[in-house]
Amino acid sequence: MPYITKYQSPLGEITLSSDGESLSAVCFKDGKDYGRYIAEGQERDLPIFDETIEWLDIYFRGKNPNWIPKYSRDDITPFRQEIIEELLRIPYGGVVTYQDIAFAIAKKRGIKKMSTQAVGGAVGWNPICIIIPCHRVVGSNGSLTGYGGGIYNKIKLLELEGIDMSKYSIPTKGSAL
């Protein structure tokens, strides 16, 4: 059974989940990924929760934390790990496109191209929102495509990081919210 705790952010409640030693999920209560990554668990105070809450407190004060809390998932495939590494390279206050990540992975692998759809699937899998910054990934046309925590929260996170949102748009088709 996982352990959980709640964090009250300026954007609403966030649930943290852990195996007891490592972080396994960080999800907005109202986000579409909540039920996917947060299971019923026993509420408990854990050092990993204290560390993650400290990280989130620094982040929501508009500052860049200089570490990443320890995380662990049984479902991190080698491809997902490559994507996580690319996400963690995106600087605070910066954005990249899915295509940028696909180019970086292709170059690293020494291949001509990588599917942006595959990259999108791996970015969308990320259960450790905010900390592994998938909110910093946008469509090549400036579209604020999907975010498991919700488009509203994606916008607020990017604004918190000082990003000029006038360059970006919310998709009118598909499941953006």
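In case you missed it, the structure is sitting above this.
Read on for an overview of the structure. (Residues numbered from 1 in each chain as written. Predicted model: local features only at pLDDT ≥ 70, side-chain atom pairs only at ≥ 80, totals over all residues. Heavy atoms only, no water.)

## Digging into the overall build of the chain
Here comes step 1: Looking only at helices and strands, the chain features six helices and six strands.
Here comes step 2: In sequence order, the secondary structure elements of the chain are arranged as β-β-β-α-β-α-α-β-α-α-β-α.
Here comes step 3: Across its three principal directions, the C-alpha atoms of the chain cover 45 × 35 × 30 Å.
Here comes step 4: Looking at the chain residue by residue over its 177 residues, the buried ones come to 49%.
Here comes step 5: Long-range pairs, those at least 24 residues apart, make up 61% of the contacts in the chain between residues at least 6 apart in sequence.
Here comes step 6: Averaging the positions of the 21 positive and the 21 negative side-chain charges in the chain gives two centres separated by 9 Å. (Helix = DSSP H or I, 4+ residues; strand = E, 2+ residues; numbered from the N terminus. Buried < 20%, exposed > 50% of the residue type's maximum accessible area, 1.4 Å probe, protein only. Contact = heavy atoms within 4.5 Å. Lys, Arg positive; Asp, Glu negative; His and termini not counted. Charge placed at Lys NZ, Arg CZ, Asp CG, Glu CD.)

## Topic: helix 2 (residues 47-60)
Here comes step 1: Between the first and last C-alpha of helix 2 there are 20 Å, a value that for 14 residues agrees with the 20 Å anticipated at 1.5 Å per step.
Here comes step 2: The set of residues buried in helix 2 consists of Ile48, Phe49, Thr52, Trp55, Leu56, Ile58, Tyr59 and Phe60.
Here comes step 3: Residues of helix 2 that are buried sit in contact with strand 1 (3-9), strand 2 (12-18), strand 3 (23-28) and helix 6 (151-160).
Here comes step 4: Where helix 2 ends, the next residue or the one after it, Gly62, has phi of about 85°, a positive value. (Expected span 1.5 Å × (residues − 1).)

## Topic: the pattern of salt bridges
Here comes step 1: The final tally for this structure, using the stated rule, is six salt bridges.
Here comes step 2: Glu159 serves as the salt-bridge partner of Lys156, at 3.4 Å between the closest nitrogen and oxygen. With Lys156 and Glu159 both in helix 6, this residue pair falls three residues apart, about one helical turn.
Here comes step 3: Under the relative-accessibility criterion, Lys156 is labelled partly exposed at 31%. (Salt bridge = Lys/Arg side-chain N within 4 Å of Asp/Glu carboxyl O.)

## Examining the packing of helix 3 (residues 78-89) against helix 5 (residues 116-125)
Packed helices, taken two at a time, are described by the angle between their axes plus the distance between the axes.
Here comes step 1: Interhelical geometry of helix 3 versus helix 5 gives an angle of 80° and a closest axis separation of 9 Å. The pairing of helix 3 with helix 5 is recorded here as roughly perpendicular in orientation. Packed against helix 3, whose contacting residues are Phe79, Arg80, Ile83, Ile84 and Leu87, the element helix 5 presents Ala118, Val119, Ala122, Val123 and Trp125 at the interface.
Here comes step 2: Along the lines of polarity and charge, the residues of the contact of helix 3 with helix 5 split into nine nonpolar, no polar and one charged. (Axes fitted to C-alpha atoms, helices over the stretch in contact; angles between N-to-C directions. Parallel < 35°, antiparallel > 145°, perpendicular 65-115°, else oblique. Nonpolar A, V, L, I, M, F, W, Y, C, P; charged D, E, K, R; others polar.)

## Points about the pairing of strand 2
Two faces, one strand: in a regular strand the side chains alternate between the faces of the sheet.
Here comes step 1: Among the seven residues in strand 2, six count as buried, and that is most of the element.
Here comes step 2: As judged from the seven bridges shared by strand 1 and strand 2, these two strands associate in the antiparallel manner. Residue pairing across strands places Ile4 opposite Ser17, the latter belonging to strand 2.
Here comes step 3: The turn linking strand 1 back onto strand 2 is made up of two residues.
Here comes step 4: Bridge analysis of strand 2 against strand 3 gives five bridges, and the strand direction is antiparallel. Across the sheet, residue Ser17 finds its bridge partner in strand 3, namely Ala25.
Here comes step 5: The turn joining strand 2 and strand 3, which pair antiparallel and follow one another in sequence, is formed by four residues; a positive phi near 115° is taken by Gly20. (Pairing = 2+ DSSP bridges.)

## Points about the sheet that holds strand 2
Here comes step 1: Pairing is mixed across the open sheet formed by four strands, whose spatial order is 3-2-1-4. The strands lining the two open edges of the sheet, one partner per strand, are strand 3 and strand 4 (42-43).
Here comes step 2: The strands that helix 2 touches are strand 1, strand 2 and strand 3; relative to strand 1, the one it contacts most, it runs at about 15°.

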